[in-house]
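Below are the chains, spelled out letter by letter.
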Amino acid sequence: MEPHDFSEFQLPKSQSHSGQLKQPAAKYPRQTGLFIKGPIPLVWLEPIISTQTRSALALALALYFQSGLERSKTVRLTRKLRDRFGISKQSARRALEKIEAANLVRVERKPGRCHVVEILERQPDDAAEASDAAPFN
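Fair warning: this is a prediction, and the values are worked out from it, not measured in the lab.

(A) Fine view of the sheet that holds strand β3 (residues 115-119). Read from one edge of the open sheet, 3 strands run β1-β3-β2, paired in antiparallel fashion. Two strands close off the open sheet at either side, each with one partner strand: β1 (74-77) and β2 (105-108). Within the sheet, the average angular offset between the axes of one strand and its neighbour, ignoring direction, is 30 degrees. Pairing of β2 with β3 involves 4 bridges; the strand directions are antiparallel. Counterpart to Val107 in the pairing with β3 is Val117. Contacting β1, β2 and β3, helix α2 (residues 54-70) crosses the sheet at an angle of about 120 degrees to β1.

So this is what it looks like as structure tokens:
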């Protein structure tokens, strides 16, 4: 085989790369401590935000927090979880009823046991149906 001359494919020195390579984008530092694993769909949070009720929003964040810890959409609403988010038993009960009425969660209640809450997926078209029902008014 004949040797190939690739010099015709080289850029002239005036057009060549200046030798400066782009720096790779800085990575986010590893998260330490506790955090709420997202993303939390805004379409899921909108009905809760519109209530302007602190306990409903705190409960929603608590459920997503526990869901991220357990890597499951089904979580137990324990006293420890309520305490961590500053929600009383009665406030949690009322907030859970509101969130359930908006079809954001499904709740399994058993006497003397923690409620088992399943976080439901919500599609953008569900928002229009929910606004007609207006469960928070």
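(B) Layout of the environment of Phe35. Structurally, Phe35 is set in the segment before α1 (42-49). Since its relative accessible area comes to 44%, Phe35 is described here as partly exposed. Sequence separation between Phe35 and Gly68 is 33 residues, and the spatial gap between their C-alpha atoms is 8.7 Å.

(C) Spotlight on the environment of Pro41. Considering the arrangement of structural elements, one finds Pro41 in the segment before α1. A sequence separation of 80 residues divides Pro41 from Glu121, and the C-alpha atoms of the two residues are 9.0 Å apart.

(D) Quick look at a nonpolar patch on the surface. On the surface, Leu42, Ile49 and Leu57 cluster together into a nonpolar patch covering about 250 Å² of accessible area. In this structure Leu57 comes out as partly exposed when scored by relative accessible area, which is 31%.

Definitions and cut-offs
- Residues numbered from 1 in each chain as written.
- Predicted model: local features only at pLDDT ≥ 70, side-chain atom pairs only at ≥ 80, totals over all residues.
- Heavy atoms only, no water.
- Pairing = 2+ DSSP bridges.
- Helix = DSSP H or I, 4+ residues; strand = E, 2+ residues; numbered from the N terminus.
- Axes fitted to C-alpha atoms, helices over the stretch in contact; angles between N-to-C directions.
- Contact = heavy atoms within 4.5 Å.
- Buried < 20%, exposed > 50% of the residue type's maximum accessible area, 1.4 Å probe, protein only.
- Patch = residues over 30% accessible without salt bridge, like charges linked within 9 Å, V, L, I, M, F, W, Y side chains within 5 Å.
- Areas by Shrake-Rupley, 256 points an atom, 1.4 Å probe, with all protein chains shown as cover.
- Salt bridge = Lys/Arg side-chain N within 4 Å of Asp/Glu carboxyl O.

Function cannot be inferred from these measures alone, as they are strictly geometric.
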